[in-house]
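Structural overview
Listed here are the chains, written in short residue letters.
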There are 2 protein chains.
Amino acid sequence: MKPTIYDVAREAGVSIATVSKVLNNNGRISDKTRKKVHLIMEQLNYQPSMVASALTSQRTGTIGLMIPDIANPFFAEAARFFEDYAQQAGSDLIICSTDRDDEKAARYISLLQRKRVDGLIIASHVGNPELIHRLLENKVPTVLFSADVRLLDCNSITVDDYKGGYIATEYLLALGHRRLGIISDNLPGSRYREQGFLDALEAHGVSLDHPDHMVQTSATLENGRKVAHRMLGEEGGQRPTAIFACNDLLAIGVLQEAREAGLNVPEDLSVIGFDNTMLADICHPSLSSIAQPLRDMTEQAMQLLNESIDDPEATKRKISLPPELVIRNSTSKALE
Amino acid sequence: MKPTIYDVAREAGVSIATVSKVLNNNGRISDKTRKKVHLIMEQLNYQPSMVASALTSQRTGTIGLMIPDIANPFFAEAARFFEDYAQQAGSDLIICSTDRDDEKAARYISLLQRKRVDGLIIASHVGNPELIHRLLENKVPTVLFSADVRLLDCNSITVDDYKGGYIATEYLLALGHRRLGIISDNLPGSRYREQGFLDALEAHGVSLDHPDHMVQTSATLENGRKVAHRMLGEEGGQRPTAIFACNDLLAIGVLQEAREAGLNVPEDLSVIGFDNTMLADICHPSLSSIAQPLRDMTEQAMQLLNESIDDPEATKRKISLPPELVIRNSTSKALE
DNA sequence: GTGAAAGCGCTAACAC
DNA sequence: GTGTTAGCGCTTTCAC
């Protein structure tokens, strides 16, 4: 069996309380016994059980990260930041891919609670706000990430989606484009991006050419292609000269479909994405995109979470961070 | 406070032993009390503490997944499979990105042991075999994934790297290429891919044109570009007409650099990658690649791990699975 | 069928 | 400075 604190205490000729104290570096312990205990721990290859300490201390040192899919680069990148920040705080992460399925989410939430995680980061849209609501009732430290539930009094970190949509659109307008299309996915955040798009158009006196130039779909490469196929299939005069896709995957679908249709990007069609994932650098042409400030967002999320762990009654905060336009090679001036 | 098994027992008018039994669905319990207990659990919103049960049962229901970087698509995709298979077994995953840094790896290994995870999947090359060795000594259920340590008697799942290198090369030779280049990274697995490459060349009576056509570097996009820049910079007659990159990221670097150099892929240069990540579909032209059978590999890894958890003394096994050639648009016949 | 009681390996209050 | 002891919330014999 693995050595326990009792084994260490016996071998060192002290009590378990003493061992516990040197372990946690608290209480007054003489240098001599400290050294002695350390030595014995070394010899026995003692590895204190965090499950036992969690039982008493009520801290597991693990936090749950709920995301739609860890295989999705945006969330994988976010997870990496979370992992690093968690580690700084001495914690680690349990990864939960929900596939945006509320049942899966509910199962994971329940599991995480039974595991007594110290807190939850929910970076996956949860359709049923009741799930979050229950978490809050149970006083489980929680922060919503990149997906807020406005009506709920909860912590959240988001990028300013509205502004993101607005600046993407303004940029395209500044390039001289007047026939714009938008492909967004069916999440709340994307509604704000859409609204930013529409308001930017209006502010510049431009109107949406055709209702079909604004479509919602779930965010996959394949769907990006499908929608683009329809949008670009129209006869020359009608087709948009620039498309704003509400995430990079959709945008890359557009890129691929444009090529299929014999259009050159950016000469014949400008495309801009959202999220600024590593994919934007890998596709061709490289993709202009609205960046979410992931590093900042994750850092602030972890900070909020930690505050919430330290004081579960702390006032909830909703923090929104500004997006940033990253220009690459998929956008250019509109032809006259 | 959260309700405990005592609260449930009291409200239901039974003992905690009984509650425990209905919880775990074992022992003989009358339907009546079972119902009653379930009802009370519902009413109290009872969430049994897995940390307490872990303390007695010696099972935490969590496994540690060590990878180089969760933000790397290959490992993110693998993690997703692991997560799904773990879930089927009622477990979840703690993600540990090591950045291939042995110190980080050591810290994580220690942490995971203190957390008393049920097992470890190590999908990150660990330079110091001593780390793994100690794990084995401690009888921690462990399986190495996509990275073996031959000399160690441990479980491992790998793709047949040698064969992967061989079939990639054979394929290029079959297309008529005679001046081949290879870019590999500096991991043990890649050594086998290289050997497959060399043996395939030899078997077909082709020799490596130039020592500079075989280079090792760490596997990043940037390094792929750098190496390609040198390889393709040579005067026409000397430059390879096909390059085998030992992973997709390197291959995509080659693609980008080829474009930079005014070369058309695949007309002027064929490129084949390894891993067949989602990136292969996203870059342009889409990338031919040697696929690791990730789904199979992860499934078998989880199975090995579970066996090892059930019987830590079980005989260790090393399983190697066949790679598969996936042809896309980055490879074509050599020009005459 | 059900319950009493002894752990599991720690922490923390308190006594000395 | 160090030790005693009572939990933390479960599981699991073993009686009854």
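Here we summarise the structure given alongside this text. These numbers were taken from a predicted model, which means no experiment stands behind them.

Thoughts on the overall build of chain A
Assigned secondary structure in chain A consists of 13 helices and twelve strands. Expected size for 336 residues packed as a compact globule is a radius of gyration near 20 Å; at 26 Å, chain A overshoots this value by more than 25%. Referenced to the eigenvectors of the C-alpha coordinate spread, the extents of chain A come out at roughly 90 × 40 × 30 Å. Long-range contacts, defined as pairs at least 24 residues apart, comprise 73% of the intrachain contacts of chain A with a sequence gap of at least 6. Across chain A, the 35 positively charged side chains and the 45 negatively charged ones have centroids separated by 9 Å.

A few points about the nonpolar core
Within the largest apolar cluster, 94 residues are counted, with the highest numbers of intra-cluster contacts made by Phe-82, Phe-145 and Phe-244 of chain A together with Phe-82, Phe-145 and Phe-244 of chain B. Residues contacting Phe-244 of chain A, with those up to four places away along its chain left out, are Gly-165, Ala-168, Thr-169, Leu-172, Gly-181, Ile-182, Ile-183, Arg-193, Phe-197, Ile-272, Gly-273 and Phe-274 of chain A. Formed by 52 residues, the second largest nonpolar core is a distinct cluster that contains Leu-221 and Met-231 of chain A together with Val-227 and Val-265 of chain B.

Concerning unusual backbone geometry
Trans peptide bonds make up the majority, and among non-glycine residues the majority have a negative phi. For the peptide bond that leads from Val-265 of chain A to Pro-266 of chain A, omega is 10°, which places it in the cis range. Summarising the element assignment, Pro-266 of chain A is placed in the loop between α11 (248–260) and β9 (270–275). In this structure, Pro-285 of chain A follows His-284 of chain A across a cis peptide bond, with omega equal to -5°. Summarising the element assignment, Pro-285 of chain A is placed in the loop between α12 (279–282) and β10 (288–291). For Asp-99 of chain A, which is not glycine, the phi torsion reads 55° and is therefore positive. In this fold, Asp-99 of chain A is placed in the loop between β2 (92–97) and α6 (102–114). Even without being a glycine, Arg-116 of chain B presents a positive backbone phi close to 60°. Tracing the chain through its elements places Arg-116 of chain B in the loop between α6 (102–114) and β3 (119–122).

Points about the protein's contact with DNA strand C
Looking at DNA strand C, there are 28 residues lining it, with Ile-5 and Ser-20 of chain A together with Thr-18, Lys-21 and Thr-56 of chain B nearest. Close to the protein, within 4 Å, the atoms of DNA strand C belong to sugar or phosphate groups at a rate of 67%. Looking at the surface near DNA strand C, the elements that each hand over two or more residues are α1 (5–12), α2 (16–24) and α4 (50–57) of chain A together with α2 (16–24) and α4 (50–57) of chain B. Its residues placed into classes, the surface near DNA strand C shows 13 nonpolar, 13 polar and two charged.

Calculation notes
- Residues numbered from 1 in each chain as written.
- Chains lettered and ligands numbered in written order.
- Predicted model: local features only at pLDDT ≥ 70, side-chain atom pairs only at ≥ 80, totals over all residues.
- Heavy atoms only, no water.
- Helix = DSSP H or I, 4+ residues; strand = E, 2+ residues; numbered from the N terminus.
- Rg over C-alpha atoms; globule rule 2.2 N^0.38 Å.
- Contact = heavy atoms within 4.5 Å.
- Lys, Arg positive; Asp, Glu negative; His and termini not counted.
- Charge placed at Lys NZ, Arg CZ, Asp CG, Glu CD.
- Core = buried A, V, L, I, M, F, W, Y, C linked by side-chain atoms within 4.5 Å.
- Buried < 20%, exposed > 50% of the residue type's maximum accessible area, 1.4 Å probe, protein only.
- Near = heavy atom within 4 Å.
- Nonpolar A, V, L, I, M, F, W, Y, C, P; charged D, E, K, R; others polar.

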